[in-house]
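Chain residues, written in single-letter form:
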Amino acid sequence: MDLHLQSRTIVITGAASGIGRAVATAAADEGADLALLDQSPSIDQVASELAGQFPDQHIGAARVDVTDLPQLEQTRNRLLDDGRQIDHVVHCAAIGSGRFGMPFTNLAPADWNRVLEVNILGMVNVAHTFAPALQQQKQGSMQFLGSVAGQIGSPTDPPYSASKAAGINFAQCLARDLAPHGIRVNTICPGMVKTPLNRSVWQAWNERQEPSQQLSYDEWGQQKIRQLVPLGRWQTPEEVAATILFLLSPHAASITGQTINVDGGYVMHW
Ligand SMILES: NC(=O)c1ccc[n+]([C@@H]2O[C@H](COP(=O)([O-])OP(=O)(O)OC[C@H]3O[C@@H](n4cnc5c(N)ncnc54)[C@H](O)[C@@H]3O)[C@@H](O)[C@H]2O)c1
């Protein structure tokens, strides 16, 4: 299926690692031009590897903290000044608290601040920065990474799951607001995907266990998956990326305001 993403410019946040990096790779493979944003210095390496593989495409990187609105605006302005049209935004950047939050009193209220700042205000900044550019063109889409944790009382990290619930809600506001401008907005919610962020959830849990109860990352993941994931396996970054690319494509022209789980059946709605 041709996704018609050739020469489209896609801004991807959190592209240095995990799901964001998989989205960047898959989008480059479809012929898209990419602006890869991340606070990690390794974003330059990711961009130069992809630029080497796809020399005819514009693939650039910017070191940006999504909580820093002026940095985001400067990056957008540089793209527009270079004569690039921004077609799509995929916002993957997010963090967890790095603490095991069951009971929630394991965390202090102050442990919530940075998670909410990055996950909620970072998303707000991304929307404010890029929506006007899409609006001017009267086309395009914004795809936000949520989480199954934002749809259930997740027994891991309350500030993370609360921030993801807020993100799902704000994406619905954006979808209504931007629909008259021809812009679609969706939230993609992975379940269990092996990435540094997912590993940090295990690490936080493991540190709270008695030595006899501790598990390796794989054992912890398999146990959780057996309990919670009907398909009985990890989801891969590539599977999440494939869904996102479909949502960017004209094949998804009628899909907006949706929360789409790529989670092996972890969360089922009707
Ligand atoms: N891995 C999972 O199991 C899982 C499950 C559900 C949802 N998600 C969501 O998927 C998205 C991607 O997560 P991942 O698992 O690939 O994580 P990851 O840790 O592999 O990647 C996250 C990236 O975001 C970047 N980042 C963090 N804070 C930033 C900031 N302030 N500014 C700019 N960049 C920043 C990091 O440097 C990193 O490169 C996140 O929104 C996450 O909540 C992941």
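That block above? That's the structure.
Our subject in this report is the structure included herewith. If you're wondering where the values come from, they're calculated on a predicted model, not measured in any experiment.

## Some details on the layout of surface pockets
Then comes step 1: The computed volume of the largest pocket comes to approximately 940 Å³.
Then comes step 2: Lining the largest pocket are 47 residues, with Cys92, Ala94, Ile95, Thr195 and Leu197 sitting closest to its centre.
Then comes step 3: The element that contributes the greatest number of residues to the lining of the largest pocket is helix α6 (residues 196–207), accounting for 5 residues.
Then comes step 4: When grouped by side-chain class, the residues that make up the lining of the largest pocket number 22 nonpolar, 19 polar and 6 charged.
Then comes step 5: One number sums up the size of the second largest pocket: a volume of about 200 Å³.
Then comes step 6: The wall of the second largest pocket is formed by His4, Leu5, Arg8, Asp87, His88, Gln139, Gly140, Arg184, Leu248, Ser249, Pro250 and Ala253.
Then comes step 7: Its residues assigned to classes, the lining of the second largest pocket comprises 4 nonpolar, 5 polar and 3 charged.

## Describing the packing of helix α1 (residues 18–29) against helix α8 (residues 237–248)
Then comes step 1: With their axes 8 Å apart at the nearest point, α1 and α8 run at an angle of 55° to one another. Our classification of the angle between α1 and α8 gives oblique. As for the relative orientation of α1 and α8, their crossing is right-handed in sense. For the pair α1 and α8, contact is made by Gly18, Ile19, Ala22, Val23, Ala26 and Ala27 and by Pro237, Glu238, Val240, Ala241, Ile244 and Leu245, respectively.
Then comes step 2: The class makeup of the residues in the contact of α1 with α8 is 10 nonpolar, 1 polar and 1 charged.

## What to know about unusual backbone geometry
Then comes step 1: Cis rather than trans, the peptide bond between methionine 102 and proline 103 has omega equal to 0°.
Then comes step 2: Along the chain, proline 103 turns up in the loop between β4 (88–91) and α4 (112–137).
Then comes step 3: Positive phi is not limited to glycine here, since histidine 4 has a value of about 55°.
Then comes step 4: By the secondary structure assignment, histidine 4 is in the segment before β1 (9–13).
Then comes step 5: According to the relative accessible area criterion, histidine 4 is partly exposed, its value standing at 41%.
Then comes step 6: Positioned with a positive phi, lysine 138 is a non-glycine residue whose angle comes to about 60°.
Then comes step 7: Its location among the elements puts lysine 138 in the loop between α4 and β5 (141–145).
Then comes step 8: According to the relative accessible area criterion, lysine 138 is exposed, its value standing at 54%.

Scoring rules and cut-offs
- Residues numbered from 1 in each chain as written.
- Predicted model: local features only at pLDDT ≥ 70, side-chain atom pairs only at ≥ 80, totals over all residues.
- Heavy atoms only, no water.
- 1 Å grid on protein atoms, 1.4 Å probe; cavity = no way out; pocket = protein on both sides within 12 Å on 5 of 7 lines; lining within 4 Å.
- Points joined across faces, edges and corners; volume = space filled by probe spheres on them.
- Helix = DSSP H or I, 4+ residues; strand = E, 2+ residues; numbered from the N terminus.
- Nonpolar A, V, L, I, M, F, W, Y, C, P; charged D, E, K, R; others polar.
- Axes fitted to C-alpha atoms, helices over the stretch in contact; angles between N-to-C directions.
- Parallel < 35°, antiparallel > 145°, perpendicular 65-115°, else oblique.
- Left-handed = near helix turned anticlockwise from the far one by under 90°.
- Contact = heavy atoms within 4.5 Å.
- Buried < 20%, exposed > 50% of the residue type's maximum accessible area, 1.4 Å probe, protein only.

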